[in-house]
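Reading the structure
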Amino acid sequence: MVDSARFDVVVIGMGPGGEVAASRLLDAGLRVAVVERELVGGECAYWACIPSKTLLRPPEARAEARGAAGLRTPDLDWPALRAYRDTMVRHLDDTRQVDGYRERGATVLRGTARVVGRDPWRVEAAGQLLTADHVVVATGSAAVRPPIEGLDAAEVWTNREATALTEIPERAVLVGGGAVGVELAYFLAGMGTRVTLAQRGDRLLTREEPRVGELAADLLGRAGVTVRTGTQVRRVRREGAATVVDFDNGTHEPTDVVVLGTGRRPRTDGLGLEEVGVEVGARGLAVDERCRVADGLWAAGDVTGVALFTHVAKYQGRVVADGILGRDRRADYTGVPRVVFAEPEIAAVGLTAEQAAAAGIETVTAEVDLAENLARPWTYETEPRGVLGLVADRRRRTVVGAWAVAPLAGEWIHTAALAVRAGLTVDHLDSGIAQFPTYSEGYALAAERLGL
Ligand SMILES: Cc1cc2nc3c(=O)[nH]c(=O)nc-3n(C[C@H](O)[C@H](O)[C@H](O)COP(=O)(O)OP(=O)(O)OC[C@H]3O[C@@H](n4cnc5c(N)ncnc54)[C@H](O)[C@@H]3O)c2cc1C
Ligand SMILES: NC(=O)c1ccc[n+]([C@@H]2O[C@H](COP(=O)([O-])OP(=O)(O)OC[C@H]3O[C@@H](n4cnc5c(N)ncnc54)[C@H](O)[C@@H]3O)[C@@H](O)[C@H]2O)c1
């Protein structure tokens, strides 16, 4: 064990949360060591956001082209898409990232980090003992593997294998109807796979408005996916060369692959935190509003369990860096957008009506069928679609939540995100002048429909 120089900060895990924190601390001139056991860029860059959104784009563009008047449906070219996906994930090579951090003055260690002491913090990694005033834990999350009988004998994909796929399977059974399940189902169905999606809950995307789950199921159905809600996989078995999935309602489905989208668990195993007296919960490391776990110990990203998004990990990375630099910055998660990338996009922000009611807010809601009310859906496609919903605080007249299932909704939901974050009133949306013809014109209509 080499006892190396003392650092101001050791960052454990270089996904989006760790990268943002490390970059800001390096820019501020601190002595920073970063430890990464796989690839600098994390899950997001290699096995999650980047490959999944790259893979989703051609089926999405194809569906859009199908809807645009006077366009012939373009052909999908899987080898070309696969090659572009490989480029986008840097062929799983992070040499340039590592070199980049070294050039900026960071000590970059490859290996698994373990906290071995505190006061001061001591971290063991790659055969070195690092001492630091601050440790940032940004170790992310891993796919949950549910205890389904027979799963080990089958071809099983988590997000890792699914986003790194080299051939398109003929048949797939997806387990889980959250963002991972919906996006992967949309992608595979778009590529020609016969997809069944089994969701334990009674609807898809259970954290969203029930109506959003309904629209998501409808969208997947149109894309050719068989959606089974209220369904659990009882067991997976081999029948000759085939894999058969038995559902709890007595039906079964032959498949080539079982794809898991059954949630994530924080990567805290083996970090050594409990041994130095830091409590680790099932949802991860509990952080205060400065993203601090304990004096000199900070956390950012999925490992905090706050909201499992790259934009939240990056935001927390900024909060952590500011905290370490002595700035008084507190995290505020109001108005974080949530987008599920399908065609059309499924976007939401703020509270659902149920969450608002639970928070003691008396709500009023409105829903607008955009195709019935706006020009843009018609100039955009021959079978126009789009629904927008608003949730408002009746008393304060503020916008507390919004959702949309419509083309490009992942972009224009940011108007609502700003409204929710800034506490804007319904009148701000109602009195705004949106460009004609756009989907954004829907906000004024929805605001008016609230009847406040
Ligand atoms: C299929 C899929 C698609 C997604 N798409 C989106 C999307 O479109 N938009 C979005 O906002 N979010 C998306 N997400 C969520 C997003 O990937 C995560 O929220 C994000 O990666 C979290 O970043 P992070 O920095 O917390 O952790 P990670 O990206 O998981 O990075 C953590 C890093 O820590 C390293 N590490 C772990 N333990 C140790 C240790 N002991 N020592 C050293 N290194 C360690 C890991 O190797 C990893 O590189 C998606 C997730 C999935 C599964
Ligand atoms: N576009 C994006 O921003 C994006 C995309 C993908 C993932 N993510 C993030 O990744 C996180 C993980 O996503 P996820 O979809 O894996 O998890 P999730 O927790 O959002 O959803 C998992 C779903 O699977 C169901 N489920 C769990 N076990 C099951 C079983 N045995 N049988 C049937 N259903 C079962 C659950 O009821 C739940 O609805 C999310 O929190 C999300 O924030 C974001």
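Throughout, residues of each chain are indexed from 1 in the direction in which the sequence is written. By the order in which they are written, chains take letters starting at A while ligands take numbers starting at 1. At least 70 in pLDDT is required for a residue's local features to be given in this predicted model, at least 80 for side-chain atom pairs to be given and counted, and no such filter applies to totals for whole chains, interfaces and linings, which use all residues.

**Some words on the nonpolar core**
Counting 79 residues, the largest nonpolar core has Ala-185 and Ala-402 as its most contacted members. With nine residues, helix α7 (residues 179–190) is the single largest residue contributor to this core. Of the domains in this structure, domain 2 (151–262) and domain 3 (338–449) are the two that each give at least three residues to this core. What counts as a contact is two residues whose backbone-derived C-beta atoms lie within 7 Å of each other. The contact partners of Ala-185, leaving out residues within four places of it in the chain, are Leu-174, Val-195, Leu-197, Leu-220 and Val-225. Each nonpolar core reported here comprises buried Ala, Val, Leu, Ile, Met, Phe, Trp, Tyr and Cys residues connected via C-beta atoms within 7 Å. Three exposure classes are used, all based on how many other C-beta atoms lie within 10 Å of a residue's own C-beta (placed from the backbone): buried at 20 or more, exposed at 12 or fewer, and partly exposed between those limits. A run of H or I in DSSP becomes a helix once it reaches four residues, and a run of E becomes a strand once it reaches two; helices and strands are each numbered from the N terminus. Note: domain ranges come from an automatic or database domain assignment.

**Structural notes on the site of ligand 1**
Close to ligand 1 lie 37 residues, the nearest being Gly-13, Gly-15, Gly-42, Gly-140 and Gly-301. Of all the elements in the fold, those that place two or more residues in the shell around ligand 1 are α1 (16–27), β2 (32–36), α2 (42–47), α3 (49–67), α6 (159–163) and α9 (310–324). Only Asp, Glu, Lys and Arg are considered charged, only Ala, Val, Leu, Ile, Met, Phe, Trp, Tyr, Cys and Pro nonpolar, and every remaining residue, Gly among them, polar. Considering only residue class, the shell around ligand 1 consists of 15 nonpolar, 15 polar and seven charged. Each of two domains, domain 1 (2–41 + 94–142 + 265–324) and domain 2 (151–262), supplies a minimum of three residues to the shell around ligand 1. Using a C-beta atom placed from the backbone, a residue is described as near a molecule or strand when that atom lies within 6 Å of it.

**Overview of the site of ligand 2**
In the vicinity of ligand 2 there are 25 residues, among which Gly-176, Gly-178, Ala-179, Val-180 and Arg-200 approach most closely. Of all the elements in the fold, those that place two or more residues in the shell around ligand 2 are α7 and β19 (338–340). It is α7 that provides the largest number of residues to the shell around ligand 2, a total of four residues. Its residues placed into classes, the shell around ligand 2 shows 11 nonpolar, 11 polar and three charged.

**Focus: the pairing of strand β23 (residues 399–406)**
Across a regular strand the side chains alternate sides, sitting on one face of the sheet and then on the other. Of all eight residues in β23, eight are buried, a share of seventy percent or more. Criterion used throughout: strands pair if DSSP finds at least two bridges between them. Where strand β20 (residues 345–350) meets β23, six bridges bridge the pair, whose relative direction is antiparallel. The residue of β23 that forms the bridge with Ile-346 is Val-405. Where strand β22 (residues 387–393) lies against β23, six bridges are found, and the strand directions are antiparallel. Note that in β23 the partner of Val-391 across the bridge is Gly-401. Taking the residues between adjacent antiparallel strands as the criterion, β22 and β23 are bridged by five residues, where Arg-397 takes a positive phi near 65 degrees.

**Re the domain arrangement of the protein chain**
By domain assignment, the protein chain separates into domain 1 (2–41 + 94–142 + 265–324), domain 2 (151–262) and domain 3 (338–449). Using only C-alpha atoms to locate each centre, domain 2 and domain 3 end up separated by 29 Å. On the domain 3 side, the residues contacting the 12 residues of domain 2 number 13 residues. Of all the secondary structure elements, the ones that give two or more residues to the side of domain 2 that touches domain 3 are α7 and α8 (210–222).

**A word on unusual backbone geometry**
In this structure, the amide linkage connecting Asp-119 to the following residue, Pro-120, adopts the cis form with an omega of 0 degrees. The omega angle of the peptide bond from Phe-436 to Pro-437 is -15 degrees, so this bond is cis rather than trans. Tracing the chain through its elements places Pro-437 in the loop between α14 (426–431) and α15 (442–449). Even without glycine at this site, His-91 takes up a positive phi of about 50 degrees. With respect to the secondary-structure elements, His-91 resides in the loop between α4 (78–88) and α5 (95–103). In the Ramachandran plot, Cys-291 falls in the positive-phi region, its phi being about 70 degrees despite a non-glycine side chain. Residue position: Cys-291 is located in the loop between β16 (264–266) and β17 (292–294). For Cys-291, a count of 31 C-beta atoms within 10 Å translates into the label buried.

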